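Per-entry structural report
So the chains spell out like this:
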Amino acid sequence: MPWVVTQLCRDCKDTACAEVCPVDCFYEPNEPSEQYPDQLYISPDECIDCAACEPACPWGAIFQDSETPESVQDSIELNALCDSDRDSFKSAEAIEKPKPSPEEVAANKKKWGVAA
């Protein structure tokens, strides 16, 4: 079962998850757009289901595909786009960001309808 980056990553793009990935299966759009929002994506074809990324994500934005909350399930198809349209994506680049506060994480989850 591959892991999925959800909308909770949108515009946050903390790459701590990509840094711990042993197979470098994290991508981002070359040009963020409505079709390819500004967030990280996990290639379902490359993901080896090691689960290293999930605890590394400070936003709680990563779920196993079978456990993705209903309100963000469209993220499963969204992540698959980095495989079906690889020319529109590049490998995720490491970006140093300050870690969010618990209040910021809770507010982001509320924004996307994900239970805290």
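Residues numbered from 1 in each chain as written. Predicted model: local features only at pLDDT ≥ 70, side-chain atom pairs only at ≥ 80, totals over all residues. Heavy atoms only, no water.

What follows is about the confidence of the model for the chain. On average, residues of the chain score 95 in pLDDT, and 99% of them reach the 70 mark or higher. Within the chain, strand S3 (residues 41-42) carries the highest mean pLDDT (98), whereas helix H4 (residues 102-111) carries the lowest (95). (pLDDT = per-residue confidence, 0-100. Helix = DSSP H or I, 4+ residues; strand = E, 2+ residues; numbered from the N terminus.)

Turning to unusual backbone geometry, a few remarks are in order. A negative phi angle is the norm for most residues apart from glycine, just as the trans form is the norm for most peptide bonds. In this model, Asp 49 sits at a positive phi of 60°, which is unusual for a non-glycine residue. Within the element layout of this structure, Asp 49 appears in the loop between S3 and helix H2 (53-56). According to the relative accessible area criterion, Asp 49 is partly exposed, its value standing at 32%. With a phi close to 70°, Ala 51 is a non-glycine residue in the positive phi region. Counting through the fold element by element, Ala 51 comes out in the loop between S3 and H2. On the basis of relative accessible area, Ala 51 is assigned to the partly exposed category, the value being 29%. (Buried < 20%, exposed > 50% of the residue type's maximum accessible area, 1.4 Å probe, protein only.)

With that out of the way, let us pick up the packing of aromatic side chains. Given two aromatic rings, their pairing is described by the distance between the two centres and the angle made by the two planes. Scanning the model with the defined rule gives 2 aromatic pairs in all. Plain terms: the ring middles of Tyr 36 and Phe 89 are 5.0 Å apart, the flat faces sit at 75° to each other, and that makes the pair edge-to-face. Of this pair, Tyr 36 sits in the loop between strand S2 (26-29) and S3 while Phe 89 sits in strand S5 (residues 89-91), and the two are 53 residues apart along the sequence. A single burial state applies to Tyr 36 and to Phe 89, both of which are buried. Where Tyr 41 meets Phe 89, the ring centres are 4.9 Å apart and the plane angle is 70°; that geometry is what we call edge-to-face. Taken as a pair, Tyr 41 in strand S3 and Phe 89 in strand S5 lie far apart in primary sequence, 48 residues in all. The residues Tyr 41 and Phe 89 share a single accessibility class, namely buried. (Phe/Tyr/Trp six-rings, centres within 6.5 Å; stacked < 30°, edge-to-face > 60°.)

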